[in-house]
Amino acid sequence: MGHNLRMAERVIPIVDQSSKVLQPQVPAAAAHTPATGQLYDTRARPLRDLRISVTDRCNFRCGYCMPKEVFGKEYRYLSHDDLLRFEEITRLARLFMAHGVHKIRLTGGEPLLRKHLERLVEQLAGLRTTEGRVPDLTLTTNGSLLARKARALKDAGLQRVTVSLDSLDDAVFRRMNDVDFPVAEVLAGIEAAQAAGLAHIKVNMVVKRGTNDHEIPRMARHFRGTGITLRFIEYMDVGATNGWRMDQVVPSAEVIARLRAELPLVPLAPSALGETAQRWGWAGADGRHDPGLGEVGVISSVTQAFCGDCNRARLSMEGRLYLCLFATQGWDLRSLLRGSASDAQISAAIAHIWQGRSDRYSELRASLPADTGTGGRRIEMSYIGG
Ligand code: SAM
Ligand code: SF4
Ligand code: SF4
């Protein structure tokens, strides 16, 4: 892995956001790769899903993501000029979609902190997949601003939303977000999203042993039968700042066992290829899945790697393309955008990068040296957005 993009005579250095390590070079591929058509990587994984991080800022300081000791007052965020403009994001999204992307997720940092985000949603909703369909357009948020923004986002064309919520206990929640933010406001945001007509709302709970794992059954009961799908996420060793320890991970198998001890659950088939969550349905009195009660999901990024199906590309707010959540290097697409590259050139660069992809960090985790991942400083979750 690790290349530069060469356009015409120009070589564009690709620098890792945190380690500033220059990457080796790749010849530009404009002449060799088609500008459109489904892309596959070296492990035959298609490019289907694009996650776009729109800001590196957040109003929460979740300890597993942006611990205060690192993201304090002195922390230097990117300047507005460094961020991709909405038109730049939309242009890249269009080129990614011509290469097979069907699903776009906006994330951050906290994406709702980006001013006028609904304008970006509107632009993205105007794009079409290679089959002429609207993209599956969604957003991951901490929910703090959702009550205010849900309606405008829905009107702009957002279809779905995922809200992160780690506890229903106000004291636990305030401690986990570490800015004393009340849980009631996030719950109001979820209600506003439902009222605005956003479909398939999901709630993500990162489970950390000794911090919020006692909330597992309560969270499950709260969302059971509401039409909202709760997903339990294993606490991951992303980034280099959260002091991750394996003994703080609650394996998904344990989450399911704890739930099944109280309520009947049955396994469900995956709904889409590359789906990260394993699905479990609440069973009715007959022992079968009752769709009215809904389902829960578990995302076992640590205990059960799903790299084999990973079809996600990640674009940072400053226009760097990452091929894995645990990447230590990214490709500087902004230089192409601002260096007057043609669509064909950018498209070819994207193709070349994806076709060279071999990342599978979670599969290799156990055999890699601690904290270095694939060999360098890892990007942070708040930078690339999960
Ligand atoms: N601020 C938004 C939010 O919290 O939903 C979007 C960005 S946040 C980085 C995206 C998701 O990553 C959230 O659901 C969050 O809980 C999850 N996340 C962050 N750090 C994590 C970690 N160390 N392990 C597992 N999930 C993590
Ligand atoms: Fe902010 Fe989301 Fe990270 Fe929490 S998980 S600090 S809300 S970006
Ligand atoms: Fe995808 Fe990387 Fe996660 Fe594997 S470790 S599933 S390649 S993001």
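Shown above is the structure to which this text applies.
Residues numbered from 1 in each chain as written. Chains lettered and ligands numbered in written order. Predicted model: local features only at pLDDT ≥ 70, side-chain atom pairs only at ≥ 80, totals over all residues. Heavy atoms only, no water.

Peer 1: Before we move on, can you summarise the site of ligand 1 with the specific residues and values?
Peer 2: Neighbouring ligand 1 are 20 residues, the closest being Y64, G109, T141, S164 and M236. Separating a nitrogen atom of ligand 1 from a backbone N or O atom of Y64 is a distance of 3.1 Å. Among the secondary structure elements, those contributing two or more residues to the shell around ligand 1 are β5 (136–141), β7 (199–207) and β8 (229–234). (Near = heavy atom within 4 Å. Polar contact = N/O pair within 3.5 Å; in protein donor to acceptor, adjacent residues only side chain to side chain. Helix = DSSP H or I, 4+ residues; strand = E, 2+ residues; numbered from the N terminus.)

Peer 1: Lay out the pattern of salt bridges in plain terms, naming residues and giving numbers.
Peer 2: Under the definition given, this model contains 22 salt bridges. Salt-bridge contacts for R133 lead to E131; the nearest nitrogen and oxygen are separated by 3.8 Å. Here R221 makes a salt bridge to E262, at a shortest N to O gap of 2.7 Å. Linking R221 in helix α6 (residues 216–223) with E262 in the loop between α7 (252–260) and β9 (265–267), this pair joins segments that are 41 residues apart in sequence. (Salt bridge = Lys/Arg side-chain N within 4 Å of Asp/Glu carboxyl O.)

Peer 1: Before we move on, could you go through the packing of helix α2 (residues 117–125) against helix α3 (residues 146–156) and cite the residues and values that matter?
Peer 2: Across the interface, α2 lies against α3 with an axial gap of 8 Å and an inter-helix angle of 20°. On the basis of the axis angle, α2 is roughly parallel to α3. Judged by the sense of rotation from one axis to the other, the crossing of α2 with α3 is right-handed. Packed against α2, whose contacting residues are L117, E118, V121, E122 and A125, the element α3 presents A152, L153 and A156 at the interface. Residues that form the contact of α2 with α3 fall into these classes: 6 nonpolar, no polar and 2 charged. (Axes fitted to C-alpha atoms, helices over the stretch in contact; angles between N-to-C directions. Parallel < 35°, antiparallel > 145°, perpendicular 65-115°, else oblique. Left-handed = near helix turned anticlockwise from the far one by under 90°. Contact = heavy atoms within 4.5 Å. Nonpolar A, V, L, I, M, F, W, Y, C, P; charged D, E, K, R; others polar.)

Peer 1: Can you explain the packing of aromatic side chains? Please cite residues and give values.
Peer 2: The tally for this structure, following the rule as stated, stands at 7 aromatic pairs. Centre to centre, the rings of F60 and F173 are 6.1 Å apart; their planes meet at 75°, and the pair counts as edge-to-face. On the criterion of sequence distance, the pair formed by F60 in the loop between β3 (49–53) and α1 (86–98) and F173 in helix α4 (residues 170–177) is long-range, its members being 113 residues apart. Using a relative accessible area of 3% as the deciding quantity, one classes F173 as buried. Measuring from ring centre to ring centre gives 5.1 Å for F60 and F181, while their planes differ by 50°; the resulting arrangement is tilted. Here F60, found in the loop between β3 and α1, pairs with F181, found in the loop between α4 and α5 (183–195); they are 121 residues apart in sequence, far enough to count as distant. Take F60: its relative accessible area is 3%, and that puts it in the buried class. Put simply, the rings of F60, F173 and F181 pair up and form one aromatic cluster. Over the aromatic face of W282 sits the side chain of R224, whose NZ or CZ is 5.2 Å from the ring centroid. (Phe/Tyr/Trp six-rings, centres within 6.5 Å; stacked < 30°, edge-to-face > 60°. Buried < 20%, exposed > 50% of the residue type's maximum accessible area, 1.4 Å probe, protein only. Lys NZ or Arg CZ within 6 Å of the ring centre and 35° of its normal.)

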